[in-house]
Amino acid sequence: MSYTPEQQFQHKIDQEIKIEPKDWMPEKYRQTLIRQISQHAHSEVVGMLPEGNWISRAPSLKRKAILLAKVQDEAGHGLYLYSAAETLGITRDEMYHQLHTGKAKYSSIFNYPTLTWADMGAIGWLVDGAAIMNQVPLCRTSYGPYARAMVRVCKEESFHQRQGFEILLVLSQGTDEQKAMCQDAINRWWWPSVMMFGPADEASPHTQQSMQWKIKRFTNDELRQKFVDICAEQVKTLGMTLPDPDLKWNEEKGHYDFGAINWEEFWQVVAGNGPCNKERLATRQKAWNDGAWVRDAATAHAAKKAAKHLHKVA
Amino acid sequence: MNIYWNQQWPAHIQYALFLADNALILAQQHSKWCGKGPILEQDIALSNIALDYLGQARNFYQLAAEELNQLEGVQFYTEDSLAYHRTDRNFVNLLLTELEQPNWGHCVLKTFLYSSFASLVFQKLMHIQAGELTAIAEKSNKELAYHKRWSQDWVIRLGDGTAESNTIMQQALNQIWPYAGECFIPANFETVFWQNHPSFFHELEKEWMDYLQTIFTEATLQLPAKQAWQTGGKQGIHTEQMGYVLAEMQYLQRTYPNSVW
Ligand SMILES: [Fe+2]
Ligand SMILES: [Fe+2]
């Protein structure tokens, strides 16, 4: 008896055998991955902007070096991920085009403004922290190139998270003004970070299929709960609080209960109406447009060189 | 507490601060491009270069701070007090390093001019007995060789790319070129520092100019006609731009003095 390609494909997935670029795969699997990986890549690149905003104002040379290296790491993550997506038959330029025309999304968290230095700490701790929570399971995702890219990414993300927490720790032990700055940043970044896990499971249409294909291994709400549990403990080390009056340990469940998420805000930001959606996109578009002459020149020069070389050979 | 430049400081300390200021201000200007480069790989490359300069600046500042503390029997010189608690009249970086970088051509050209100049200086430092300065030069020389290689390739690529890129690069070169000469016009502390090598600046100028000419020719770029060089950076007399560079860089340290970050 013979199996259909779909059955063989699902069988591999069930056996935890990685799917590689040349393997047969359902078109929808390919499309889902392109959407997810490119969205992830765009998030890395757009994510450079809010933190890039503070490189020039970092309060010490050491902090400046750490922040610059961090933002540069994010560019590297973008690069790995664009390369992984390219193995699925889409070019980087096509993905950029989707980003610049608003067809492709990126993580909504980067549509919030970075207003004080403490935001660099809060982003490292909460945003990179949430990213790790999302990304560690992706190291075992079923598509080989994506999984391998994530292994490299995750290593660096955990550095970022520790560095962010350390920024906050120093502030939390500083002057009253620094402590206030620290608490304020946590207040502003907490809920957007909780929203980073995406819509609640019952409102997440792709989850079931993605779980079956082992692109995803945990649901949004499972990961979100894990994140809240960890942060609720870590915030105590800072002597700060999370801005949620309903946050409370639930002995019976063995988890923290937490307050209702403002889904209206979530969907507004997704729809492009967050505080910085327009600036972020405009900055990326400008960088792309302003860079056209550089890319054109590089192409032209390479062609000239090749022609000269050919001439010499002939 | 502000730190004021003191011409009585030993020449090698002034020289270390000169190299530190150059590297810091260049890193500061380059890092504003992080996330905005024309090609993701090149965005990473320029950030890398900025990180290298930042690292060099820190090494030189730490050295100067240690020596100044010893000399004056104080504790307040640190890499951060030197970077964050001087006004522009007390910075001695080359004007070249503080110039704005309105397009990628400026990023490439400034890197090209500074790294090719600095690698000649650092190679010379490696051949004399200048203690810690020599040690830092040894550490940094590899980085500079990479910056030089990277920027040289891009000068050629962009100069000899399209008609548009040639125009942009030529305009950038016209704007930046008047600031090149300051590199080989010695300030007092440099004359003292290199006093056992009286021909150093003359040789530097010759070797550097020959190299630049070769690359610009390959890039089909024209050196602007001879004109007076813009100078003053080494005496703390900067462009109007410099005040803004420092205002931005020093903002947190100035707003919240006596804080630990
Ligand atoms: Fe990342
Ligand atoms: Fe990160």
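(A) Structural view of the overall build of chain B. When helices and strands are tallied, chain B shows 11 helices and zero strands. Going residue by residue from the N terminus, the α and β elements of chain B occur as α-α-α-α-α-α-α-α-α-α-α. Its C-alpha radius of gyration of 18 Å places chain B within 12% of the 18 Å reference for a compact globule of 261 residues. Over its C-alpha atoms, taken along the principal directions, chain B stretches across nearly 60 × 45 × 30 Å. Counting 16 positive and 27 negative side-chain charges, chain B places the centres of these two groups 1 Å from one another.

(B) The packing of aromatic side chains, seen in detail. In total, this model carries 38 aromatic pairs over all chains according to the counting rule given. Aromatic side chains Trp5(B) and Trp9(B) sit 5.3 Å apart centroid to centroid with 70° between the ring planes, which places their arrangement in the edge-to-face category. Three or more aromatic residues link up through ring pairs in this structure, and these residues are Trp5(B), Trp9(B), Tyr15(B), Phe18(B), Phe76(B), Tyr77(B), Phe189(B), Phe193(B), Trp194(B), Phe200(B) and Phe201(B). A cation over an aromatic ring shows up here: Arg152(A) above the ring of Tyr80(A), its NZ or CZ 3.8 Å from the ring centre. Note that Arg86(B) overlies the ring of Phe91(B), its terminal NZ or CZ placed 4.1 Å from the centroid.

(C) A look at the layout of surface pockets. Computed from the structure, the second largest pocket encloses a volume of approximately 390 Å³. Looking at the second largest pocket, it is lined by 19 residues, and the ones nearest its centre are Thr78(B), Asp80(B), Ser81(B), His85(B) and Gln253(B). Listing elements by their share of the lining of the second largest pocket, those giving two or more residues are helix H4 (61-86) of chain A together with helix H3 (79-84) and helix H11 (251-255) of chain B. The element contributing the most residues to the lining of the second largest pocket is H3(B), with three residues. Of the residues that constitute the lining of the second largest pocket, the class distribution is seven nonpolar, seven polar and five charged.

(D) Summary view of the coordination of the iron ion (ligand 2). Residue and element names in this part refer to chain A. Coordination of the iron ion (ligand 2) by the protein involves Glu 74 (OE), Asp 128 (OD), Glu 157 (OE) and His 160 (ND1), with metal-donor separations of 1.9 to 2.3 Å. Metal-centred angles of 85 to 153° between the four donor atoms at the iron ion (ligand 2) mark the site as irregular. The distance between the iron ion (ligand 2) and the iron ion (ligand 1) comes to 3.5 Å, with Glu 74 serving as a donor to both metals. In this pair, Glu 74 sits in helix H4 while Glu 157 sits in helix H7 (residues 144-172), placing the two residues 83 residues apart along the sequence.

(E) Structural view of the packing of helix H5 (residues 104-127) of chain B against helix H6 (residues 132-159) of chain B. Residues and elements named next belong to chain B. It is the contact of H5 with H6, at a shortest axis distance of 7 Å, that shows an interaxial angle of 145°. Here the hand of the crossing between H5 and H6 comes out left-handed. When its residues are assigned to classes, the contact of H5 with H6 shows 14 nonpolar, 11 polar and two charged.

(F) Inspection of the side chain of Lys234(B) at higher detail. All names here are of chain B. In this structure, Lys 234 sits in the loop between helix H9 (200-218) and helix H10 (241-249). Among the polar contacts made by the side chain of Lys 234, one reaches the main-chain carbonyl oxygen of Glu 182 at a distance of 2.8 Å. Here Lys 234 is in contact with Phe 18, Val 92, Asn 93, Leu 94, Glu 182, Cys 183, Ile 185, Pro 186, Ala 187, Phe 189 and Glu 190, once residues within four sequence places are set aside.

(G) Expanded view of the interface of chain A and chain B. Facing 46 residues of chain A, the contacting portion of chain B comprises 48 residues. Counting the surface lost from both chain A and chain B, the interface buries some 4000 Å², and carbon and sulfur atoms represent 68% of this. By the criterion of area lost to chain B, the three top residues of chain A are Leu61(A), Gln72(A) and Trp293(A), representing 20% of everything that side buries. Between chain A and chain B we count two salt bridges in total. For the salt bridge of Glu41(B) with Arg92(A), the shortest nitrogen-to-oxygen distance reads 2.5 Å. Here chain A and chain B share 16 residue pairs in polar contact (both at pLDDT 80 or more) between them. Listing elements by their share of the side of chain A that touches chain B, those giving two or more residues are helix H3 (48-52), H4, helix H5 (92-100), H7, helix H8 (176-195), helix H12 (277-290) and helix H13 (292-313) of chain A. When residues of the side of chain A that touches chain B are assigned to their parent elements, the largest contribution, 14 residues, is made by H4(A).

(H) Just empty space enclosed by the protein, in detail. Residues and elements named next belong to chain A. All chains considered together, the criterion is met by one cavity of 30 Å³ or more. In this structure, the largest cavity occupies an estimated 80 Å³ of space. Lining the largest cavity we find Glu 51, Arg 63, Ile 66, Leu 67, Lys 70, Trp 117, Met 120, Gly 124, His 160, Gln 163, Gly 164 and Ile 167. Residue assignment for the lining of the largest cavity shows that the elements contributing at least two residues are H4, helix H6 (118-135) and H7. Grouping the constituent residues of the lining of the largest cavity by class yields five nonpolar, four polar and three charged.

(I) Seen up close, the coordination of the iron ion (ligand 1). All names here are of chain A. The coordination sphere of the iron ion (ligand 1) contains the protein donors Glu 44 (OE), Glu 74 (OE), His 77 (ND1) and Glu 157 (OE), at a distance range of 2.0 to 2.2 Å. One can describe the donor arrangement at the iron ion (ligand 1) as irregular, given that its four donor atoms subtend angles of 85 to 144° at the metal. Counting the intervening residues between successive donors of the iron ion (ligand 1) yields the motif E-x29-E-x2-H-x79-E. According to the relative accessible area criterion, Glu 74 is buried, its value standing at 5%.

(J) Just the side chain of Ser43(A), in detail. Residue placement: Ser43(A) occurs in helix H2 (residues 27-46). Leave out the neighbours within four places in its chain, and Ser43(A) touches Tyr106(A), Ser107(A) and Phe110(A).

(K) Representation of the nonpolar core in the model. Counting residues in hydrophobic clusters, the biggest one holds 187 residues, and the most contacted among them are Trp117(A) and Leu125(B). Ignoring anything within four residues of it in the chain, the contact list for Leu125(B) reads Tyr15(B), Leu19(B), Ala130(B), Thr134(B), Ala137(B), Phe193(B) and Trp194(B).

(L) Structural view of unusual backbone geometry. If you check the backbone angles, Glu16(A) has positive phi at about 65° while not being a glycine. Given the relative accessible area of 40%, Glu16(A) is considered partly exposed. Positive phi outside glycine occurs at Thr220(B), with the angle close to 55°. Along the polypeptide, Thr220(B) turns up in the loop between H9 and H10. The exposure class assigned to Thr220(B) is partly exposed, which follows from its relative accessible area of 39%.

(M) H12(A), seen in detail. Residue and element names in this part refer to chain A. In this model H12 runs 20 Å from its N-terminal to its C-terminal C-alpha over 14 residues, within 8% of the 20 Å that 1.5 Å per residue would give. Inspection of H12 places Asn 277, Arg 280, Arg 284, Ala 287 and Trp 288 among the buried residues, and these make up the whole buried set. Looking straight down H12, one finds its buried side chains confined to an arc of 115°; they lie on one side. Exposed residues lying more than 90 degrees from the buried face of H12 are Lys 278, Lys 286 and Asn 289. In this fold, the buried residues of H12 make contact with H2, H3, H5, helix H11 (263-273) and H13.

(N) Expanded view of the state of the cysteines. On inspection of all chains with the given rule, the structure shows zero disulfides over all chains. Cys139(A) carries a free sulfur, and the closest cysteine sulfur to it, the one in Cys154(A), is 3.6 Å from it. Summary of cysteine pairing: Cys276(A) is not part of a disulfide, and the nearest cysteine sulfur, belonging to Cys34(B), is at 17 Å. Residue class for Cys276(A) comes out buried when judged on its relative accessible area of 8%.

Calculation rules
- Residues numbered from 1 in each chain as written.
- Chains lettered and ligands numbered in written order.
- Predicted model: local features only at pLDDT ≥ 70, side-chain atom pairs only at ≥ 80, totals over all residues.
- Heavy atoms only, no water.
- Helix = DSSP H or I, 4+ residues; strand = E, 2+ residues; numbered from the N terminus.
- Rg over C-alpha atoms; globule rule 2.2 N^0.38 Å.
- Lys, Arg positive; Asp, Glu negative; His and termini not counted.
- Charge placed at Lys NZ, Arg CZ, Asp CG, Glu CD.
- Phe/Tyr/Trp six-rings, centres within 6.5 Å; stacked < 30°, edge-to-face > 60°.
- Lys NZ or Arg CZ within 6 Å of the ring centre and 35° of its normal.
- 1 Å grid on protein atoms, 1.4 Å probe; cavity = no way out; pocket = protein on both sides within 12 Å on 5 of 7 lines; lining within 4 Å.
- Points joined across faces, edges and corners; volume = space filled by probe spheres on them.
- Nonpolar A, V, L, I, M, F, W, Y, C, P; charged D, E, K, R; others polar.
- Donors = N, O, S within 2.8 Å, 3.2 Å for Na, K, Ca; no water.
- Tetrahedral: all angles 85-135°; square planar, octahedral: opposite > 155°, others 65-115°.
- Axes fitted to C-alpha atoms, helices over the stretch in contact; angles between N-to-C directions.
- Left-handed = near helix turned anticlockwise from the far one by under 90°.
- Polar contact = N/O pair within 3.5 Å; in protein donor to acceptor, adjacent residues only side chain to side chain.
- Contact = heavy atoms within 4.5 Å.
- Buried area = accessible area lost by both parts, 1.4 Å probe.
- Salt bridge = Lys/Arg side-chain N within 4 Å of Asp/Glu carboxyl O.
- Buried < 20%, exposed > 50% of the residue type's maximum accessible area, 1.4 Å probe, protein only.
- Core = buried A, V, L, I, M, F, W, Y, C linked by side-chain atoms within 4.5 Å.
- Expected span 1.5 Å × (residues − 1).
- Arc of directions from axis to C-beta.
- Disulfide = S-S within 2.5 Å.

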